[in-house]
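Residue-level listing of the chains:
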Amino acid sequence: MFIGNGVSELIDLVLRALLNDGDEVLVPSPDYPLWTAAVTLNRGRAVHYPCRPEHGFVPDPEELARLVTPRTRALVVINPNNPTGAVYPRRVLQALAQLAESRGLVVFSDEIYDQMTYDGAEFVPMATLVHDTLCATLSGLSKVYRACGYRVGWVAFSGRTHNATEYLNGLELLSSLRLCSNVMAQWAVQTALGGHQSIRELVSPGGRLHESRAAILQATAHSRYLTLTPPGGAMYAFVGVDPQVLPDFDDQQFTLDLLEQKHVLVAPGVSFNVPYCNHFRITNLPDAVTLKDVFARIEELLSAYAALPRTSGRAAGNVVSVASRAK
Ligand SMILES: Cc1ncc(COP(=O)(O)O)c(C=O)c1O
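Residues numbered from 1 in each chain as written. Predicted model: local features only at pLDDT ≥ 70, side-chain atom pairs only at ≥ 80, totals over all residues. Heavy atoms only, no water.

Novice: Mind laying out the pattern of salt bridges, listing which residues take part and the relevant values?
Specialist: For the structure shown, the criterion picks out 12 salt bridges. Between arginine 71 and aspartate 23 there is a salt bridge, and its shortest N-O distance comes to 2.8 Å. Note that arginine 71 is positioned in the loop between α3 (61-65) and β4 (72-78) and aspartate 23 in the loop between α1 (6-18) and β2 (24-29), a separation of 48 residues in sequence. Residue arginine 71 is classed as partly exposed on the basis of its relative accessible area, which comes to 36%. Note on aspartate 23: relative accessible area 5%, which makes it buried. Between aspartate 293 and arginine 297 there is a salt bridge, with its nearest N and O atoms 2.9 Å apart. Within this pair, aspartate 293 and its partner arginine 297 are both found in helix α10 (residues 288-306), separated by four residues, close to a single helical turn. One salt-bridge network, held together by shared partners, links Asp23, Arg71 and Arg73. (Salt bridge = Lys/Arg side-chain N within 4 Å of Asp/Glu carboxyl O. Helix = DSSP H or I, 4+ residues; strand = E, 2+ residues; numbered from the N terminus. Buried < 20%, exposed > 50% of the residue type's maximum accessible area, 1.4 Å probe, protein only.)

Novice: Help me get a handle on the site of the ligand, residues and values and all.
Specialist: Within the structure, the ligand sits among Gly6, Val7, Ser8, Tyr32, Ile78, Asn82, Asp110, Ile112, Tyr113, Ser142, Lys143 and Arg151. Within the contact set of the ligand, a nitrogen atom lies 2.6 Å away from a side-chain nitrogen or oxygen of aspartate 110. Calculation on the ligand without its partners gives an accessible area of 400 Å², and the protein chains cover 94% of this total. Examining the composition of the shell around the ligand, we find that three residues originate from one element, α1, more than from any other. Residue composition of the shell around the ligand, grouped by class: five nonpolar, four polar and three charged. (Near = heavy atom within 4 Å. Polar contact = N/O pair within 3.5 Å; in protein donor to acceptor, adjacent residues only side chain to side chain. Areas by Shrake-Rupley, 256 points an atom, 1.4 Å probe, with all protein chains shown as cover. Nonpolar A, V, L, I, M, F, W, Y, C, P; charged D, E, K, R; others polar.)

Novice: An account of the sheet that holds strand β5 (residues 106-110) is needed here, citing residue identities and associated values.
Specialist: Each strand in a sheet pairs with another by means of backbone hydrogen bonds, the pair being arranged parallel or else antiparallel. The strand order β1-β7-β6-β5-β4-β2-β3 describes an open sheet built from seven strands, whose pairing is mixed. What marks the edges here is a single partner per strand, and that holds for β1 (2-4) and β3 (45-50). With strand direction ignored, the average angle separating the axes of adjacent strands in the sheet is 25°. Examined bridge by bridge, β4 and β5 share five bridges and lie parallel to one another. Looking at the pairing, alanine 74 lines up with valine 106 of β5. (Pairing = 2+ DSSP bridges. Axes fitted to C-alpha atoms, helices over the stretch in contact; angles between N-to-C directions.)

Novice: So what's going on with the nonpolar core? Residues and values would help.
Specialist: With 50 residues, the main nonpolar core has Leu15, Trp35, Phe108, Leu141, Phe157 and Tyr167 as its most contacted residues. The greatest single-element share of this core, amounting to seven residues, is contributed by α1. Counting only domains with at least three residues in this core, you end up with domain 1 (2-194) and domain 2 (205-326). Contact partners of tryptophan 35, with chain neighbours within four places excluded, come to Ile11, Leu15, Val27, Val76, Ile78, Phe108, Asp110 and Leu138. Residues Val92, Leu99, Val107 and Phe272 belong to the second largest nonpolar core, which totals 28 residues. (Core = buried A, V, L, I, M, F, W, Y, C linked by side-chain atoms within 4.5 Å. Domains from an automatic or database assignment. Contact = heavy atoms within 4.5 Å.)

Novice: Could you give an account of the packing of aromatic side chains, naming the residues involved and the relevant values?
Specialist: Evaluation of the coordinates by the stated rule reveals 10 aromatic pairs. Between the aromatic rings of phenylalanine 57 and phenylalanine 238, the centroid separation amounts to 5.7 Å while the plane-to-plane angle is 70°, which identifies the pairing as edge-to-face. Here the residue phenylalanine 57 occupies a position in the loop between β3 and α3, and phenylalanine 238 occupies one in strand β9 (residues 236-241), the gap between them amounting to 181 residues. The same class applies to phenylalanine 57 as to phenylalanine 238, namely buried. With a centroid separation of 5.7 Å and an interplanar angle of 85°, the aromatic rings of tyrosine 113 and tyrosine 236 are classed as edge-to-face. Of this pair, tyrosine 113 sits in the loop between β5 and β6 (134-140) while tyrosine 236 sits in strand β9, and the two are 123 residues apart along the sequence. Residue classification places tyrosine 113 among the buried residues on the basis of a relative accessible area of 2%. (Phe/Tyr/Trp six-rings, centres within 6.5 Å; stacked < 30°, edge-to-face > 60°.)

Below you can see the structure in the form of structure tokens.
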């Protein structure tokens, strides 16, 4: 186990120790974009495997197997997922574990949202399924313990560690280069892991995160424009805009317009490495009352788009922006 200044630092370290120029890493699409960025920065090639909206953002292991080449070194799994909130079923994780074992891939399982699940969704740790190849499980204090500013995370290795001595030595060397991770933050780990698990109340009925998620589900269900696969975990919803109703929708223009005109900040779907532009990510951290207001503002902006003559989404957004600036 290695302790780091957040999972972010460890994502870079575990890839830096592994990759040679041009090595390929299977990364989900959408992904938490640091994974793609860290593969690229370490001269690897991120090969995105689709987690499609129409399949509840769950990957298809057979499709994924077809992306493996002789250059593939690792498989990244983010479960529960940021940005979609998908919690992968056991049978899918089993198939991914078997694929990694049969093709000798290192599994990087980012499980930083492991205790954030809703309505009985089952979280299955990848380390319980991977035995015949190296498995790295990453987690930390940032999400479940809401202490992201402490900058503390960890990576635990399991599976065939005895075959990976050189890799683990490399990692030891790289982590020694920064001497150590923040010591004061490490003191918080025992208190967090051994103390009262307040996250359980937050994600249960009546709890803040549960109720905020319910507000998002309700608002999207009543929307004329929005679609949503209910997130089973994490603290996000990856909301779609119905292409039948708003075929010109452009997520980047929308997020700019929403910020400028309605003072609401969301993240455009394309920033999570997807090949479509009709999604945005919202978090269920604000309380339910605030989220109700947020979705009313989103609906207003989308109604303004719908009232425009059809052109390209970017142009449609611009017309609203220019009009509102002119006021
Ligand atoms: C899936 C995932 N992994 C890692 C991180 C980074 O966590 P940390 O604060 O420990 O660097 C995040 C933060 O948003 C995340 O969503």
